[in-house]
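Residue-level structure breakdown
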Amino acid sequence: MKKPNEVTVDMSRRRLLQGSGIALSGLVLSTWLPPLVAKSAAAEAAAAGRLGDHSAEGYGAFVRIGPDGVVTVISPKIEMGQGAQTGIAMMVAEELEVPLDQVVIQEAPPNSALYTDSLMQFQATGGSTSTRVTWEPLRRAGATARILLIQAAALQWRVAPSLCHAQNGQVFGPNGLQAAYGDLVEAAATLPLPDAVPLKTPEQFKLLGTAAQRLDTPAKVNGKAHFTIDLQIPGMLVASSITCPVYGGRLLNVDDSQARRVPGVRDIVRLDNAVAVTASNFWTCQQAIRALKIEWDLGPHAAIGSAQLDQELLVASSRDGVVAKRSGDIEQAKQQSASQFEAVYEQALLSHSPFEPMSCVAHVRKDACELWVGTQVPVFAQQTAAQVTGLPVEKIQVHNQLIGGAFGRRLEFDFITQAVAIARQVDYPIKLIWSREEDMTHDLYRPLYADRMQAALDEQGRPLGWEHRIAGASILARYVGSLPPNGVDSDAVEVAVDPIYSLVHLQVRYIRQEPSVVPVSWWRGVGPLRGTYALECFIDELAHNAKADPVAYRLELMAEQPRAQAVLRLLAEKTDWNKPLPAGQGRGVAVSAVFGSYVATLVELEMHGDLGIRIKRLVSVVDCGFATNPTSVKAQIEGGTLFGLSASLFNEILIENGQVQQTNFHNYRQLRISEAPAVEVHLLPSLEAPGGVGEAGTALIGPALVNALYAASGQRIRRLPLSRFGYYPV
């Protein structure tokens, strides 16, 4: 069996189409997200498919209207707490002219050819893309359905469609004629698709742009919502595992005699690098795991520690690597500069540690495999199960569940691989639940990064340009198997290669440096977080070096970025930026273009002694384009900001003898309620296409905090988290 990282994801068109059809009745509208390649199964199906042809393969992001009038949206995006599915439902409801409470969401099955995210380039939920990629296609599907229903009513009444209109799930005609959508769907399903489908303009919106209640809230409040960890499948037993404490190690031997004596234990399952126990409940599994006597082969990484990783990364950051961006002539700028300024910024390994630890229900039979799992990548879940079982991919059925926190962790499928490997050795379904300790010590971590920056400055201390070296692991290469021919990880250099500041001379280099002792993966904020931290700390240092106001300094350099200027100006206005603060207090800002949005964040803090920090105020201004649900946008900025604040203050994964030292929240600390400041969010009205917000707050808080600390204390910290240097919240 291959390790999780080595599973090949088969994207063949034939295999993806097999078993991907969805049985529907009533009026079925389809639209699709742009495919991975120019000519694909999605494009071919769209050209051949006709509305209401239930024999054709299902394709696209469907809108179904049943005879009962209920609208079902088959969402290409999974709900994992951001409210994405409510936004998708609002798009359809707006154009279809139905109340939001008349819409239900059904999650799309695995099918990359049909549900590829045009920004991420594979079927996935993540990267703050959900609203951005569905904004036009899903609205168009709703509008198409409305047009067809009106046409069906007009034919039935023998009147011109122009004399009819849709409202509140009904079509109204002249002389008091009216018909419910459910009564029209069968006739509408026989009509040809319209060639042109006009969409509403923002001034015509009734639902979009309002503070609509999230569809998933009631069930989560009253306890009816079920996550993978809650599921009960007939005949199922619980499983839990213990994996080799050093990545790359393997199982040599296990004495399970004592574990088998624990009441309720059913089976002990051996894997290449782990041992699993199945039992009647999770606690019994844990008791049995503690009774196991295991001998591991720790492998080649057992002597590696964090000090070694840090030193290797700093050395790597001085190498040339490969050029990711070059404009102007940085060497000429250095020669002509009045002065130069250098700094190195470091970021730690980070764990995802979602509220719901890794869990997956798997039932492997001779002829099929079923999975019940909350995953951001249903196709990859299907593919890894096929690889482990040897079954054809069409024999793998994935029942996607609500996700109890992810932050990028469930873009991975290692825990699914392990669940299937266990389930194939027993004759009953199992629910694999990792303990919190197992989850934290066997994560796929946000990489270490070192950013080495050197600016060429004019006589006023303004940058003519700078050279930026980025050293760190390549998540992209691990995820897809290799880097592109130019050797650049586009995620690692994001923001850095396209800064919001006008620079005549810019050179960005990428140096790939892998921490072999742990695997790495996407973490909330991804490339924009990594890049914004270094860039906004550096620009703040340049402002202070020039003895310039940090806001005014930024605004001057953002002359070609009016949206970035607008959020920063409003932030300064809302926070009384020009009002002096007493000694021991300070304000810090950060501004960036991230995920298609523009965000500016301010932290105002005061020092308590040399190391105590009290955040007095935390404010963000956001231009995310058109805000489909302003309440949800604000909630995401609030949540993402506090998530990033915990990481900036406390979070760091440390390695000793090849083993992760943080095991639970006692030593991987999170903000307590008493420590969490209120997050004040202001939205700039905009008619631009929506940008992403789920990760935007996380990307800005780190540099804003560090810059505020310098303003208050005069101490410039260039490595996160602050707890490494003794700082603590009060």
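Residues numbered from 1 in each chain as written. Predicted model: local features only at pLDDT ≥ 70, side-chain atom pairs only at ≥ 80, totals over all residues. Heavy atoms only, no water.

Here's the deal with the overall build of the protein chain
Of regular secondary structure, the protein chain possesses 20 helices and 28 strands. Rg of the C-alpha trace for the protein chain: 27 Å, near the compact-globule value of 27 Å for 730 residues, within the 12% margin. For the protein chain, the C-alpha atoms occupy an extent of roughly 80 × 70 × 50 Å along the three principal directions. By the burial criterion, 61% of the 730 residues in the protein chain qualify as buried. Summarising the internal contacts of the protein chain: among those between residues at least 6 apart in sequence, 77% fall at separations of at least 24. Split by element, the accessible area of the protein chain, about 28,100 Å² in all, is 51% carbon and sulfur. (Helix = DSSP H or I, 4+ residues; strand = E, 2+ residues; numbered from the N terminus. Rg over C-alpha atoms; globule rule 2.2 N^0.38 Å. Buried < 20%, exposed > 50% of the residue type's maximum accessible area, 1.4 Å probe, protein only. Contact = heavy atoms within 4.5 Å. Areas by Shrake-Rupley, 256 points an atom, 1.4 Å probe, with all protein chains shown as cover.)

As for the sheet that holds strand β6 (residues 170-172)
Sheets are built from strands paired through backbone hydrogen bonds, the pairs being either parallel or antiparallel. Ordered by their spatial adjacency, three strands build an open sheet running β5-β6-β7, and the pairing between neighbours is antiparallel. Edge positions in the open sheet fall to β5 (165-167) and β7 (178-180), since each of these has one partner strand only. Adjacent strand axes in the sheet meet at a mean angle of 25°, parallel and antiparallel pairs treated alike. As judged from the three bridges shared by β6 and β7, these two strands associate in the antiparallel manner. Residue pairing for β7: Phe172 is matched across the bridge by Gln178. In the packing of helix α5 (residues 130-157) onto the sheet, the strands contacted are β5, β6 and β7, and the crossing angle to β6 comes to about 50°. Each of β5, β6 and β7 is contacted by helix α6 (residues 181-188), which is oriented at about 85° to β7, the strand it contacts most. (Pairing = 2+ DSSP bridges. Axes fitted to C-alpha atoms, helices over the stretch in contact; angles between N-to-C directions.)

Observations regarding the environment of Gly726
By the secondary structure assignment, Gly726 is in the loop between α20 (696-713) and β28 (728-729). Here Gly726 falls in the partly exposed class, since its relative accessible area comes to 31%. Spatially, the C-alpha atom of Gly726 lies 45 Å from that of Thr134, the residues being 592 residues apart in sequence.

Describing the pattern of salt bridges
This structure, assessed with the given rule, holds 42 salt bridges. Because the salt bridges share partners, they merge into one network encompassing Asp320, Glu331, Lys334, Glu467, Arg469 and Arg509. (Salt bridge = Lys/Arg side-chain N within 4 Å of Asp/Glu carboxyl O.)

Here we look at the nonpolar core
The biggest cluster of nonpolar side chains holds 156 residues, and the ones touching the most others in it are Leu371, Trp466 and Leu722. Apart from the residues lying within four places of it in its own chain, the contact partners of Leu371 are Cys360, Val361, Ala362, Ala381, Ala385, Ile396, Gln397, Val398, His399, Ile416 and Val420. Counting residues in hydrophobic clusters, the runner-up holds 39 residues, among them Trp135, Leu184, Phe205 and Ala212. (Core = buried A, V, L, I, M, F, W, Y, C linked by side-chain atoms within 4.5 Å.)

A word on helix α9 (residues 282-291)
Among all positions in α9, only Thr284, Cys285, Gln286, Ala288, Ile289 and Ala291 are buried. Turning to α9, the residues buried within the fold contact β8 (237-243), β9 (250-255), α8 (257-260), β10 (265-270), β11 (274-279) and β12 (293-297).

What about the packing of aromatic side chains?
All chains considered together, the criterion is met by 14 aromatic pairs. Centroid distance Phe122 to Phe380: 5.6 Å. Interplanar angle 0°. Geometry classified as stacked. One end of the pair, Phe122, is in the loop between α4 (112-115) and α5; the other, Phe380, is in helix α12 (residues 378-389), and 258 residues separate them in sequence. Accessibility classification places Phe122 together with Phe380 in one group, the buried group. Aromatic side chains Phe380 and Phe413 sit 5.9 Å apart centroid to centroid with 75° between the ring planes, which places their arrangement in the edge-to-face category. With a gap of 33 residues between them, Phe380 in helix α12 and Phe413 in the loop between β17 (396-400) and α13 (414-423) connect regions that are remote in the sequence. One exposure class covers both Phe380 and Phe413, and it is buried. (Phe/Tyr/Trp six-rings, centres within 6.5 Å; stacked < 30°, edge-to-face > 60°.)

Observations concerning the side chain of Ser359
Turning to its location among the elements, Ser359 is positioned in strand β15 (residues 359-364). Of the residues examined, Ser359 reaches a relative accessible area of 1% and is grouped as buried. A distance of 3.1 Å separates the side chain of Ser359 from the side chain of Glu356, its partner in a polar contact. Beyond its immediate sequence surroundings of up to four residues, Ser359 is in contact with Thr228, Ile229, Val373, Arg410, Phe415, Leu432 and Ile433. (Polar contact = N/O pair within 3.5 Å; in protein donor to acceptor, adjacent residues only side chain to side chain.)

Observations regarding the domain arrangement of the protein chain
Taken domain by domain, the protein chain consists of domain 1 (48-206), domain 2 (227-297 + 357-432) and domain 3 (317-347 + 444-727). Centre-to-centre separation of domain 1 and domain 2, based on C-alpha positions: 38 Å. Taken together, the 13 residues of domain 1 in the interface contact 15 residues of domain 2. Summed over both sides, the interface between domain 1 and domain 2 buries roughly 1,100 Å², with carbon and sulfur atoms accounting for 66% of that surface. Area buried by domain 1 at its contact with domain 2 is led by Ile78, Met80 and Pro110, which between them contribute 46% of it. For the pair domain 1 and domain 2, the interface holds zero salt bridges. (Domains from an automatic or database assignment. Buried area = accessible area lost by both parts, 1.4 Å probe.)

Quick notes on unusual backbone geometry
Peptide bonds are, in most cases, trans, and in most cases residues other than glycine have a negative phi. Following Leu720, the chain continues to Pro721 via a peptide bond in cis, the omega torsion being 5°. Relative to the elements of secondary structure, Pro721 occurs in the loop between α20 and β28. Phi is positive for Asp576, which is not a glycine, with a value near 55°. Take Asp576: it is sitting in the loop between α18 (562-574) and β22 (585-594). Exposure remark for Asp576: the relative accessible area of 42% places this residue in the partly exposed category.

A few points about the pairing of strand β3 (residues 71-75)
Of all the five residues making up β3, five are buried; the element is thus mostly covered by neighbouring parts of the structure. Here β3 shows no split at all, with Val71, Val73 and Ser75 on one side and Thr72 and Ile74 on the other all buried. Joining the antiparallel neighbours strand β2 (residues 63-65) and β3 is a turn of five residues, in which Gly69 adopts a positive phi near 85°. Across five bridges, the pairing between β3 and strand β4 (residues 103-107) is parallel. Note that in β4 the partner of Val73 across the bridge is Ile105. Of the crossover connections in this fold, the one passing from β3 over helix α3 (residues 84-96) to the parallel β4 is right-handed. (Right-handed = clockwise from strand over helix to strand, strands pointing away.)

Describing α13
Structural remark: α-helix, 3.6 residues per turn; residues separated by three or four positions point the same way. Along α13, ten of the ten residues are buried, which leaves the element largely enclosed by surrounding structure. Here α13 has its buried residues at Asp414, Phe415, Ile416, Thr417, Gln418, Ala419, Val420, Ala421, Ile422 and Ala423.

Looking at the UniProt feature "domain: Aldehyde oxidase/xanthine dehydrogenase a/b hammerhead" (unreviewed entry) in the protein chain
In this numbering, the UniProt entry assigns the feature "domain: Aldehyde oxidase/xanthine dehydrogenase a/b hammerhead" (unreviewed entry) to residues 222-300. In this annotation, residues 222-300 is assigned 19% helix and 38% strand; the end-to-end C-alpha distance for the span is 49 Å. (UniProt positions renumbered as here; feature names shortened; annotations may be inferred.)

Re a nonpolar patch on the surface
A cluster of nonpolar side chains, namely Leu611, Tyr728 and Val730, defines an oily patch on the protein surface of about 250 Å² accessible area. Looking at the secondary structure, you find Val730 in the segment after β28. (Patch = residues over 30% accessible without salt bridge, like charges linked within 9 Å, V, L, I, M, F, W, Y side chains within 5 Å.)

Quick word on the sheet that holds strand β19 (residues 449-457)
As summarised here, the arrangement of the five strands in space is β13-β21-β20-β19-β14, forming an open sheet in which the pairing is mixed. Strands with a single pairing partner mark the edges of an open sheet, and in this sheet they are β13 (322-327) and β14 (339-347). Pairwise comparison of adjacent strand axes, ignoring direction, gives a mean angle of 10° for this sheet. Sheet analysis places β19 next to strand β20 (residues 463-472), joined by nine bridges and oriented antiparallel. Each residue of the ladder has a partner; that of Gln454, found in β20, is Glu467. Where helix α10 (residues 306-316) meets the sheet, it contacts β14, β19, β20 and β21 (505-512), and its direction lies at approximately 30° from that of β19.

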